[in-house]
Amino acid sequence: MLQRRIWWAFLFVLAVGVAVSARIVTLGESVQEVNRVFITEKLPLSQRIGELRGVIADEERILYEYYSYTATRDAFLEQRRAQTANFREVVGQLEQDMGSQAPVAELRVRFGELGELADALDSTLSDDQVNWDLARAILAQVKPKVRQIEATLAALSSANREAVNSLGTDSRSSVSNMVGWVFGFSVLIVVVALFVAYYVIAITRAEEKLKYQAFFDLATGLPNQYSLRDELRAVFAQPGRGTVMMIVADREQEIFESFGAVETELWLVKIAQRLKGEIDGDREKLYRYGNNAFVLVCRSCDLADAQRRAGVLLQHAQQPLQVNGHELLTTLSIGVALMDGHVGGNGANMAELLVQQLASACNRVRRAGGNDCAVYDEAMGLAAAGTLRLATDLQHAVEKGELRLQYQPKVDAASGRLLGMEALVRWQHPERGTISPAPKTPG
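Residues numbered from 1 in each chain as written. Predicted model: local features only at pLDDT ≥ 70, side-chain atom pairs only at ≥ 80, totals over all residues. Heavy atoms only, no water.

1. Some thoughts on the overall build of the protein
Counting its secondary structure elements, the protein contains 12 helices and 10 strands. Burial status across the protein gives 33% buried among its 443 residues. A separation of at least 24 residues holds for 68% of the contacts in the protein among residues at least 6 apart in sequence. Looking at the protein as shown, the accessible area adds up to about 26300 Å², and 56% of this sits on carbon and sulfur atoms. (Helix = DSSP H or I, 4+ residues; strand = E, 2+ residues; numbered from the N terminus. Buried < 20%, exposed > 50% of the residue type's maximum accessible area, 1.4 Å probe, protein only. Contact = heavy atoms within 4.5 Å. Areas by Shrake-Rupley, 256 points an atom, 1.4 Å probe, with all protein chains shown as cover.)

2. Focus on a nonpolar patch on the surface
Taken together, the side chains of Leu-394, Val-398, Leu-403, Leu-405, Tyr-407, Val-411, Leu-418, Met-421 and Val-425 define a hydrophobic patch exposed on the protein surface, amounting to about 890 Å² of accessible area. Listed by contribution, the elements that provide at least two residues to the nonpolar patch are β8 (403-411) and β9 (418-429). Top contributing element to the nonpolar patch by residue count: β8, with four residues. Among the secondary structure elements, Leu-405 is positioned in strand β8. With a relative accessible area of 51%, Leu-405 lands in the exposed category. (Patch = residues over 30% accessible without salt bridge, like charges linked within 9 Å, V, L, I, M, F, W, Y side chains within 5 Å. Salt bridge = Lys/Arg side-chain N within 4 Å of Asp/Glu carboxyl O.)

3. Examining the pairing of β8
Across nine bridges, the pairing between β8 and β9 is antiparallel. Counterpart to Lys-410 in the pairing with β9 is Gly-420. Hairpin connection of β8 to β9: six residues between the antiparallel strands, including Gly-416 at a positive phi of 75°. (Pairing = 2+ DSSP bridges.)

4. Regarding the sheet that holds β8
Strand order in the open sheet formed by three strands is β8-β9-β10, with antiparallel pairing between adjacent strands. The sheet is open, and its two edges are formed by β8 and β10 (433-435), each paired on a single side. Averaged over all pairs of adjacent strands, the angle between their axes in this sheet comes to 40°, without regard to strand direction. Examined bridge by bridge, β9 and β10 share three bridges and lie antiparallel to one another. Residue pairing for β10: Gln-428 is matched across the bridge by Thr-434. (Axes fitted to C-alpha atoms, helices over the stretch in contact; angles between N-to-C directions.)

5. Details of helix α4 (residues 132-140)
In an α-helix, one full turn covers 3.6 residues, which means residues spaced three or four apart are oriented alike. Regarding α4, the residues found buried are Ala-135, Ile-138 and Leu-139. Each buried residue of α4 sits inside an arc of 100° when the element is viewed along its axis, so together they form one side. Those residues of α4 that are exposed and angled more than 90 degrees off the buried face are Asp-133 and Ala-140. Measuring from the backbone nitrogen of Asp-133 back to the side-chain oxygen at the start of α4 gives 3.3 Å, which picks out Asn-131 as the cap. (Arc of directions from axis to C-beta. Polar contact = N/O pair within 3.5 Å; in protein donor to acceptor, adjacent residues only side chain to side chain.)

6. Some words on the environment of Leu-228
Mapped onto the elements of the fold, Leu-228 is located in helix α7 (residues 225-236). Residue classification places Leu-228 among the buried positions, given a relative accessible area of 1%. Along the backbone, Leu-228 and Val-295 are 67 residues apart, and their C-alpha atoms lie at a distance of 8.1 Å. Residues contacting Leu-228, with those up to four places away along its chain left out, are Tyr-287, Tyr-289, Val-295 and Val-297.

7. Topic: the sheet that holds strand β3 (residues 293-298)
Either a parallel or an antiparallel arrangement is found when strands of a sheet pair, and the pairing is made through backbone hydrogen bonds. Here five strands make up an open sheet; going across it, the order is β2-β3-β1-β6-β7 and the pairing mixed. In the strand order of this sheet, the two ends are held by β2 (284-288) and β7 (372-375), each with one partner. Taking the axes of each pair of neighbouring strands and ignoring which way they run, one obtains an average angle of 20° across the sheet. Pairing between strand β1 (residues 241-249) and strand β6 (residues 332-340): nine bridges, direction antiparallel.

8. Brief notes about the side chain of Glu-60
By the element assignment, Glu-60 lies in helix α1 (residues 2-67). When neighbours within four sequence positions are excluded, Glu-60 is seen to be in contact with Val-142, Lys-143 and Val-146.

9. Description of unusual backbone geometry
In this structure, Asn-324 is a non-glycine residue whose phi angle is positive, near 50°. Position of Asn-324 among the secondary structure elements: in the loop between β4 (321-323) and β5 (326-328). What makes Asn-324 exposed here is its relative accessible area of 51%.

10. So, the packing of aromatic side chains
Considering all chains together, one arrives at two aromatic pairs under this definition. Where Tyr-67 meets Trp-132, the ring centres are 5.7 Å apart and the plane angle is 85°; that geometry is what we call edge-to-face. Taken together, the positions of Tyr-67 in helix α1 and Trp-132 in helix α4 put the pair 65 residues apart, joining distant regions of the chain. Residue classification places Tyr-67 among the buried positions, given a relative accessible area of 19%. Given the relative accessible area of 31%, Trp-132 is considered partly exposed. (Phe/Tyr/Trp six-rings, centres within 6.5 Å; stacked < 30°, edge-to-face > 60°.)

11. Details of the pattern of salt bridges
Inspection of every chain in the model, using the stated rule, returns 19 salt bridges. A salt bridge links Arg-73 to Asp-122; the nearest nitrogen and oxygen atoms lie 2.8 Å apart. Here Asp-122 lies in helix α3 (residues 102-125) and Arg-73 lies in helix α2 (residues 73-98), a separation of 49 residues in the sequence. When its relative accessible area of 37% is taken as the criterion, Arg-73 is described as partly exposed. For Asp-122, a relative accessible area of 9% puts it in the buried group.

12. Describing the environment of Gln-225
Mapping Gln-225 onto the fold places it in helix α7. Residues Gln-225 and Val-295, spaced 70 residues apart in sequence, show a C-alpha to C-alpha distance of 8.6 Å. In this view, Gln-225 contacts Arg-288, Tyr-289 and Gly-290; residues no more than four positions away in its chain are not counted.

Right under this line is the structure:
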């Protein structure tokens, strides 16, 4: 009899479980439909509205820049052509997303009126004799036109938000029903427990990923600057000597301006791969430090070894790299500093000091044109400190009355006639005396 009751109970629970599952599936499909509408319709609409706001703001900016002669006429016309093309593209996409003609037509009319003001301003400012009163009058009409467009965009945004809120209400209602069904059926405790276990495991794949992202560079797979600081603290916490190199790719800004961010990052990744292929994994470790810098730690080599290693890296770096069909030349600036665990002291402070020394040595190479290696010495720190002190003193020179105005006559050498005067400013430092416009950095 008990066995039969157990079987009936099992069948009852199974039937109710199937019914609950079917109901949850139905509610889940409803939530998915809400999410689909939000992702495919409402979110793109919101993005288009934001893009149009940016277009209108840029249009207003370039008009003011042109009026104030911050931009040339050629630059103004080029920017206007780009802005008009961008506006038409975004408005076309907005029209497809909305499926409505009236708001889009109003936007086109308003933008056309703004374009007429831009043409009028261009015509006025391009005259040989500029009518500044007319130019100011035209410019004064720009802000009201922009506000009209912004009002239309705000109305569209408000309507979109209301639709999103409605979707959110439907989604919350469906989710609430799902939760009610789940908690109303005690047998699903086991299923809930399985879900909990799943999410615990998922949170533990997530924690490991976050930990990896915190201490490793995702693009190159190298440990990052936080890992480097931990490594240096450990080195200074125990006896031992070694060297550290800071390796900076010299042409990062040039490549970025020529090819863009994606190609620049690929180029840096290839540099990292080349460096990884040349290090001794038994005694050296490579880190990515910031954007275009790498740090090589060697626990068992002296400065002479480090300089030889730097020479090899500099030589190999000159081989071109192929990035998306482009042949990119590379040079490196390398700064070297001694890492001495015998000195004792606070490991964190010593690590920060070592990084500063590396940066000083590397900056010296870069200022000299790059493609070289420099070993840190105390004079570099003194020079940097002297430059900083001089810059600090200069900030207070005006308020302390240390700047002197001098006049230098300009004379015609043939006739001896005075042609004019040059006004010069001289800095009378209270400790260093007169400082020329290009002083040597004090030690």
